[in-house]
Each structure stands twice: as structure tokens, then as C-alpha cells.
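A structural walkthrough
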Amino acid sequence: MGLLRGVARTAVVAGTATAVSNRVSRRQTGRWAAQEDQAAAQQQSAAPAAAPPAPPMADDMSSKIDQLKELGALKEQGILTEAEFAEQKSRILST
């Protein structure tokens, strides 16, 4: 009976070790998948934020405003006619 008991004990230990090993493997695979999903989500959310073109637009708008002010001053001084003013204004605003 001693031999049968030893074989049974070995089978139980080996079965338990296999079950634990499989469970650990599945858990680790799940963690890796979650990390990959999280990294992909961070890359997607970071992509739009990585290219902020707002400051050049603000600088561009302020330069357009300055140009329009200069045109207005030239028109008030009589240097530009109404047609020239309108043409230059549309050129500035279209760029």
C-alpha cells in the first residue's frame, strides 16, 4: 500500500501544479492583453493632442488684424480707394 500511496500523492501534486501553472499563465496573458489595450488607447488619445496648431493660428490671426488696421489707416488717409481697400481686405482674409 505504501507504493500506491506514493504514486497517488505524486499524481495529486503533479495535477495541482499543472492546474496552478495553467491558471497563472491565463492570468498573465490577460494582464498582457489589458496592458496592450491600455497602451493602444493612450496612443489613440495622444495622437490628436500631439499636433496643436492653435498657436500659429492665433499668431496668423493677429497679423491679419494688424494688416487690416494698416489698410484702414491708409484708406482713412485717402491713400487707398474703396475698391483698392476691398481688394486688399479680401486678399488678406482669404490667406
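Thresholds, definitions, all that
- Residues numbered from 1 in each chain as written.
- Predicted model: local features only at pLDDT ≥ 70, side-chain atom pairs only at ≥ 80, totals over all residues.
- Heavy atoms only, no water.
- Helix = DSSP H or I, 4+ residues; strand = E, 2+ residues; numbered from the N terminus.
- Areas by Shrake-Rupley, 256 points an atom, 1.4 Å probe, with all protein chains shown as cover.
- Phe/Tyr/Trp six-rings, centres within 6.5 Å; stacked < 30°, edge-to-face > 60°.
- Lys NZ or Arg CZ within 6 Å of the ring centre and 35° of its normal.
- Salt bridge = Lys/Arg side-chain N within 4 Å of Asp/Glu carboxyl O.
- pLDDT = per-residue confidence, 0-100.

Topic: the overall build of the protein
When you go through the protein residue by residue, the secondary structure sums to three helices and zero strands. With an accessible surface of roughly 8000 Å², the protein has 61% of that area assigned to carbon and sulfur atoms.

What about the packing of aromatic side chains?
Taken as a whole and assessed by the stated rule, the structure comprises zero aromatic pairs. Here lysine 75 stacks its cationic end above the ring of phenylalanine 85, 4.9 Å away from the centre of that ring.

Brief notes about the pattern of salt bridges
Going through the model one piece at a time under the given rule, you end up with one salt bridge. Between glutamate 82 and lysine 75 there is a salt bridge whose closest N-O contact spans 2.7 Å.

Considering the confidence of the model for the protein
On average, residues of the protein score 80 in pLDDT, and 84% of them are at 70 or above. Looking across the protein, the model is least confident in helix 1 (residues 2–50), with a mean pLDDT of 79, and most confident in helix 3 (residues 82–94), with 89.

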